[in-house]
Amino acid sequence: MRISADGKFEGPEGYADWVEAWADDYGLMPQIDACLLGGGMYPGYEQYWTGIGNEPDKPAWITGKAPTPAEVAWARFAARTPHYVLSNTLTAALWPNTRLIRGVGDVAVLKQQPGKDIYLVGGARTTAGLLDAGLVDELRLIVYPLVAGDGKALFATAERRHRLELHKVQQLHDGRISLVYGIG
Ligand SMILES: NC(=O)c1ccc[n+]([C@@H]2O[C@H](COP(=O)([O-])OP(=O)(O)OC[C@H]3O[C@@H](n4cnc5c(N)ncnc54)[C@H](OP(=O)(O)O)[C@@H]3O)[C@@H](O)[C@H]2O)c1
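The structure reproduced in this document is the subject of the present report.

The rules behind each value
- Residues numbered from 1 in each chain as written.
- Predicted model: local features only at pLDDT ≥ 70, side-chain atom pairs only at ≥ 80, totals over all residues.
- Heavy atoms only, no water.
- Pairing = 2+ DSSP bridges.
- Helix = DSSP H or I, 4+ residues; strand = E, 2+ residues; numbered from the N terminus.
- Axes fitted to C-alpha atoms, helices over the stretch in contact; angles between N-to-C directions.
- Contact = heavy atoms within 4.5 Å.
- Core = buried A, V, L, I, M, F, W, Y, C linked by side-chain atoms within 4.5 Å.
- Buried < 20%, exposed > 50% of the residue type's maximum accessible area, 1.4 Å probe, protein only.
- Salt bridge = Lys/Arg side-chain N within 4 Å of Asp/Glu carboxyl O.

1. Thoughts on the sheet that holds strand 10 (residues 177-183)
Part 1 of the reasoning: Ordered in space as 1-7-10-9, the four strands form an open sheet in which the pairing is mixed. Two strands lie at the open edges of the sheet, namely strand 1 (2-4) and strand 9 (164-171), each paired on one side alone. Strand-to-strand twist of the sheet, defined as the mean angle between neighbouring strand axes without regard to direction, takes the value 30°.

Here it is, written out as structure tokens:
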């Protein structure tokens, strides 16, 4: 998840307008074979990556910029990677190879399947809920050099305290910091 220094994952517009590209090449792809998303972010995810997959030379929705090579690579990788969308209201998903799942029990079952890691893409309520349910093993945050002020806090809906163990910290370009935490 990409957050501001004051812990916001989106501004009052309903998205993080300080994020210039929604994928970076941090070597994550080889270790994952499934993606998990909340129903809140799914429609925007589908629209964003479908747009880049279909028209990689045109400015992308939200950022208004030409997709970066890492975004084009993610659009291709995501199109061939199974996706699971946690929702009780969505009835259909157009993204390739996508299945709707209904609750934390389904996530627990998914985690027991053999295979590589599952990438929890977001959004905020899903991340906090799965953290509270003990189903998140690792938290990866990219902190942007910005106090967003108005906006929504990433863990606003978490119901209990979680101790984190710092596994890796890395300074990225443009003043961003990558933090990888294990869940204590
Ligand atoms: N800054 C970042 O890095 C980043 C990354 C990803 C997303 N985002 C942003 O995050 C926003 C979406 O986040 P959000 O917190 O509003 O929504 P969300 O976490 O994407 O989705 C919440 C929805 O997921 C379903 N859900 C979650 N937990 C569930 C459970 N235990 N059982 C059943 N269903 C469950 C429910 O869907 P139903 O109501 O359909 O049942 C719930 O309303 C978007 O604006 C997106 O742009 C930001």
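2. Details of the sheet that holds strand 6 (residues 117-122)
Part 1 of the reasoning: Ordered in space as 5-4-3-6, the four strands form an open sheet in which the pairing is parallel. Edge positions in the sheet fall to strand 5 (98-101) and strand 6, since each of these pairs with one other strand and no more. Between one strand axis and the next, the sheet turns through 25° on average, direction left out of account.
Part 2 of the reasoning: In this structure, strand 3 (residues 32-38) lies alongside strand 6, joined through five bridges in parallel fashion. Following the sheet pairing, Ala-34 is matched in strand 6 by Ile-118.
Part 3 of the reasoning: Where helix 1 (residues 42-54) meets the sheet, its contacts fall on strand 3, strand 4 (83-86), strand 5 and strand 6, and the angle it forms with strand 3 comes to roughly 130°.

3. Regarding the nonpolar core
Part 1 of the reasoning: Grouped together as the largest cluster of nonpolar side chains are 20 residues, with contacts concentrated most on Leu-37, Tyr-42, Tyr-45, Trp-49, Ile-52 and Trp-74.
Part 2 of the reasoning: Mapped by element, the contributors of at least two residues to this core are strand 3, helix 1 and helix 2 (69-79).
Part 3 of the reasoning: Counting residues in hydrophobic clusters, the runner-up holds eleven residues, among them Ala-34, Tyr-84, Leu-130 and Val-136.

4. Regarding the pattern of salt bridges
Part 1 of the reasoning: What the rule picks out here adds up to seven salt bridges.
Part 2 of the reasoning: A salt bridge links Asp-6 to Lys-8, with the shortest nitrogen-to-oxygen separation between them at 3.5 Å.
Part 3 of the reasoning: Judged by relative accessible area, which is 27%, Asp-6 ranks as partly exposed.
Part 4 of the reasoning: Here Asp-137 and Lys-111 are joined by a salt bridge, their closest N and O atoms 2.9 Å apart. Here Lys-111 lies in helix 3 (residues 104-112) and Asp-137 lies in the loop between helix 4 (124-132) and strand 7 (138-144), a separation of 26 residues in the sequence.

5. A closer look at helix 2
Part 1 of the reasoning: Among all positions in helix 2, only Ala-70, Glu-71, Val-72, Trp-74, Ala-75, Phe-77 and Ala-78 are buried.
Part 2 of the reasoning: On its buried side, helix 2 packs onto strand 3, helix 1, strand 4 and strand 6.

Keep in mind these values describe shape, not function.
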